[in-house]
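Fold and contact review
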Amino acid sequence: MRLFAAVLPPDEALAELGLAADQLRDTEGAEGLRWTGLPGWHFTLAFYGEVPEETVPELSRRLERAAARTAPFPLALRGGGHFGDRALWVGASGDVAALRRLAERAGAAARKAGLDTEDHRHYRPHLTLARGSGTVHLKPYAAALDSFTGEQWTVGELALVRSRLPRSGVRGEQPRYEKVGGWPLSATG
């Protein structure tokens, strides 16, 4: 199974972002981007890739422990950025340090479950809105998101998500995501 750990924003936060994304989709040149759909909007904490089915129970136990060691924390969707001309994203505000710690714990859970994980760069919280082929400059789209600030919510769960890549070959088909596990953030203090 192709899996990753994530924070899934609530429907209200996604709806706010949806309005801003719709405005961007209507701008000149936006048709040259592959826009991600609302069902795919999440903060990836750790990407695990293909995980053997027999490893999933141990990974789940480790993620449950990571969640139990983390207190709920405030977060909001805020601002925008881009990775070159390949990905347009929305960032986060609130307790971003807690989000980074949760990402570290999700990565450690995989290593302790016996998964080979790549050494990751410094975690940059982001929710991908669109992908480019390098022909559309993303800087103006990111600048248009500078003033975007969504309502704050409390992150209360660590999710394990399965990603099913498109297989039809139909242009624009999106990966499908399925939450296969979730554990409450339950540390106090």
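Sequence order sets the numbering: in each chain, residues are counted from 1 along the sequence as written. In keeping with the model being predicted, local features are shown solely for residues with a pLDDT of at least 70 and side-chain atom pairs are shown and tallied solely at 80 or more, while totals for entire chains, interfaces and linings include all residues. The side-chain values count all of the structure's non-hydrogen atoms but skip hydrogen atoms and water molecules.

Right, let's talk about a positive patch on the surface for a bit. Patches here are clusters of residues that have more than 30% relative accessible area and form no salt bridge, with a 9 Å joining cutoff for like charges and a 5 Å cutoff for nonpolar side chains (Val, Leu, Ile, Met, Phe, Trp, Tyr). The protein chains shown are the only cover counted for residues, whose accessible areas, like all others here, come from Shrake-Rupley with a 1.4 Å probe. A carboxyl oxygen of Asp or Glu within 4 Å of a side-chain nitrogen of Lys or Arg is what we treat as a salt bridge. Just so you know, the count uses Lys and Arg for positive and Asp and Glu for negative, and it drops His and the chain ends. In this description, the location of a charge corresponds to atom NZ of lysine, CZ of arginine, CG of aspartate or CD of glutamate. Where like charges cluster on the molecular surface, the positive patch consists of R65, R69, R111 and K112. Secondary structure elements are taken from DSSP: a helix is a run of H or I of four residues or more, a strand is a run of E of two residues or more, and numbering for both begins at the N terminus. Relative to the helices and strands, K112 resides in helix α3 (residues 96–112).

To continue, consider the pattern of salt bridges. On inspection of all chains with the given rule, the structure shows five salt bridges. The closest approach of N and O atoms between R61 and E58, which form a salt bridge, is 2.9 Å. Of this pair, R61 and E58 both sit in helix α2 (residues 56–68), three residues apart, which is roughly one turn of the helix. Between E58 and R62 there is a salt bridge, and its shortest N-O distance comes to 2.8 Å. Of this pair, E58 and R62 both sit in helix α2, separated by four residues, roughly a single helical turn. Think of it in three bands: residues with accessible area under 20% of the maximum for their type are buried, residues over 50% are exposed, and the middle band is partly exposed, with areas taken using a 1.4 Å probe on protein chains only. What makes R62 partly exposed here is its relative accessible area of 23%.

Attention now goes to the packing of α2 against α3. Orientation is described by lines fitted to C-alpha atoms, with helices fitted over the stretch in contact, and by angles between N-to-C directions that extend from 0 to 180 degrees. Running from N to C, α2 and α3 point in directions that differ by 150 degrees, and their axes come no closer than 9 Å. The orientation of α2 with respect to α3, classified from their angle, is roughly antiparallel. Note that α2 runs across α3; the crossing there is right-handed. For the pair α2 and α3, contact is made by L59, R62, L63 and A66 and by L102, R105, A106, A109, A110 and K112, respectively. Throughout this entry, Asp, Glu, Lys and Arg are counted as charged residues, while Ala, Val, Leu, Ile, Met, Phe, Trp, Tyr, Cys and Pro are counted as nonpolar. The remaining residues, Gly among them, count as polar. Its residues assigned to classes, the contact of α2 with α3 comprises seven nonpolar, no polar and three charged. For classification, angles of less than 35 degrees are called roughly parallel, those exceeding 145 degrees roughly antiparallel, those between 65 and 115 degrees roughly perpendicular, and all remaining angles oblique. Crossing handedness follows the turn of the near helix against the far one: under a right angle anticlockwise gives a left-handed crossing, and clockwise gives a right-handed one. In what follows, a contact means two residues having at least one pair of non-hydrogen atoms within 4.5 Å.

The next thing to look at is α3. Here the expected span of a helix is defined as 1.5 Å times the quantity of residues minus one. With 17 residues, α3 ought to run about 24 Å at 1.5 Å a step, and its terminal C-alpha atoms sit 24 Å apart, in line with that. Listing the buried residues of α3 in full gives V96, A98, L99, L102, A103, R105, A106, G107, A109 and A110. On its buried face, α3 is in contact with β1 (2–7), β3 (43–50), α2, β4 (73–83), β5 (87–94) and β8 (157–164). Where α3 ends, the next residue or the one after it, G114, has phi of about 90 degrees, a positive value.

Moving on, we get to the pairing of β1. Across the six residues of β1, five count as buried, placing the element largely inside the fold. In the sheet, β1 pairs with β3 via six bridges, with the strands oriented antiparallel. Counted as the bridge partner of F4 is F47 from β3. Both β1 and β8 contribute to a ladder of four bridges, which runs antiparallel. Note on β8: the bridge partner recorded for L3 is R162. Two strands pair under a simple rule: DSSP has to find at least two bridges between them.

Turning our eyes to something else, we now look at the nonpolar core. L45, Y48, L63, L88 and L129 are the most contacted members of the largest nonpolar core, which has 53 residues in total. Top element by residues in this core is α3. It accounts for seven residues. Leave out the neighbours within four places in its chain, and Y48 touches L3, F4, A5, L59, L63, A106, A110, L115 and L160. Throughout, nonpolar core names a set of buried Ala, Val, Leu, Ile, Met, Phe, Trp, Tyr and Cys residues whose side chains join them through atoms within 4.5 Å.

So, about the sheet that holds β1. With antiparallel pairing, the four strands of this open sheet are ordered in space as β3-β1-β8-β9. Strands with a single pairing partner mark the edges of an open sheet, and in this sheet they are β3 and β9 (176–184). If you compare each strand with its neighbour and ignore which way they point, the axes differ by 20 degrees on average. Packing against the sheet, α3 makes contact with β1, β3 and β8, and its axis sits at approximately 15 degrees to β3.

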